[in-house]
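# Notes for the structure review
Here is what each chain is made of, one letter per residue.
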Amino acid sequence: MMTLSETLELVRPNITRLKPYSSARNEFTGGNAILLDANENPYNLWNDDLTVNRYPDPLQREAKLKIAKIKGISPEQIFLGNGSDEAVDLLIRCFCEPLTDSIAIFSPTYGIYSVCADVNNVQVKEFILNNDFSINLQQFFNGISPSTKVVFICSPNNPTGNAQPIETIEQILSKFRGIVVVDEAYIDFCPEKTSLSLLNRYPNLVVLQTFSKAWAMAGARIGIAFANPKIIATLNKVKFPYNIGVPSLSVLSRAIEQYSNTKSLISQIVSERELLRLRLQQLSCVKMVYPSDSNFLLVKTTDANSVYNYLLNNGIVVRNRTHEPLCNNCLRITVGKPYENSKLIQILNTYRP
Ligand SMILES: *Cc1c(COP(=O)(O)O)cnc(C)c1O
């Protein structure tokens, strides 16, 4: 288990020294000032309801207060990014020295971790999940080195659909001497499996969530990183100042007001997922459907390439994962609207090998 000061020693020295960009508006906290500091156009031309001629709040303070309230977390423990992808990139840039350090991932998993590492010339240590998609802890602890600075645990995992047990995450937190990132992009479909309750005990834990999936806001590009306030301050220092636009923050604020509606929609999607599972399992081209804690199903077919192309030719796009480790002949299928799922089953029923 790491202390806060040990955790902060993991930050790259150039980032620790970095003096962030500061705007004049950061220094003014009163209301109703005449704003002649940022070379904006003083006329709001394009949207009567939104002040889009002005730069947004770089620290998204209003949004964080609302998120803090529904998550039971303090606002200083919240970073908001242009999607959680921004947080992935920033974490690698804050903690990993190019050409020296490495990250660890558990494959098959979300592709962005390796892409961001590659962009930054940071090595990727890839560990393959067990056949039941659980993490092989022994293999992980034997395979990392002191230069492995960040481990990404995707839970529920994309594309396998399963959440990792909280005990596994805690075993990694108690022994790994680096940053532990738990990517909870799909956690709203299994809220009881979140690692957020570990945040106050482990200063090296970062939990990523997003408004892109269950919250129906993929087009707004807003993701969250939860971590101790010092890590949050480090991410804020490195990000571009105005990383989330005014229209996105406005949609977010509406979405949070409607949270209870979203929750009932989420449980509808979860029931629809189980219905879809039963119908898929009856098809002759389906060998098995893996358990899922998310809003998609990993489906082992008799021939993924052929089924994939058949669906495409019939106007249905799914994700072919057959070349990923442990995913031979697997398709990843998102749970859609009821008529979309029915159409999928109807088309698959007419598939002939
Ligand atoms: C979709 C997804 C995200 C979301 O990324 P955003 O940048 O927030 O849209 C993050 N992690 C995983 C595993 C995902 O599948």
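Summarised in this report is the structure supplied together with it. If you're wondering where the values come from, they're calculated on a predicted model, not measured in any experiment.

## Examining the sheet that holds strand β7 (residues 223-226)
- Reading across from one edge, β1-β7-β6-β5-β4-β2-β3 is the order of the seven strands in this open sheet, with mixed pairing throughout. Both edges of this open sheet fall to β1 (78-81) and β3 (123-128), since each of them pairs with a single strand only. Ignoring which end each strand starts from, the neighbouring axes of this sheet average 25 degrees apart.
- Sheet contacts for helix α3 (residues 61-71): β1, β6 (205-210) and β7; angle to β1, the most-contacted strand, approximately 120 degrees.

## Focus on the pairing of strand β9 (residues 296-301)
- Counting buried residues in β9 gives six out of six residues, a clear majority hidden from the surface.
- Here three bridges tie strand β8 (residues 286-289) to β9, and the two strands are oriented antiparallel to one another. Residue methionine 288 lies in a different strand from β9, and its bridge partner there is lysine 300.
- Hairpin connection from β8 to β9: six residues lie between these consecutive antiparallel strands.
- Relative to strand β11 (residues 330-334), β9 is paired through five bridges, and the arrangement is antiparallel. Looking at β11, one finds that lysine 300 is bridged to cysteine 330.

## Side note on the sheet that holds β8
- The sheet built from four strands is open, its strands ordered β8-β9-β11-β10 with antiparallel pairing. Looking at which strands have only one partner, the edges of the open sheet turn out to be β8 and β10 (319-320).
- Each of β8 and β9 is contacted by helix α10 (residues 259-281), which is oriented at about 10 degrees to β9, the strand it contacts most.
- Across the sheet, helix α11 (residues 304-313) lies against β9, β10 and β11, angled at about 35 degrees from β11, the strand it touches most.

Reading the values: rules and limits
Residues numbered from 1 in each chain as written. Predicted model: local features only at pLDDT ≥ 70, side-chain atom pairs only at ≥ 80, totals over all residues. Heavy atoms only, no water. Pairing = 2+ DSSP bridges. Helix = DSSP H or I, 4+ residues; strand = E, 2+ residues; numbered from the N terminus. Axes fitted to C-alpha atoms, helices over the stretch in contact; angles between N-to-C directions. Contact = heavy atoms within 4.5 Å. Buried < 20%, exposed > 50% of the residue type's maximum accessible area, 1.4 Å probe, protein only.

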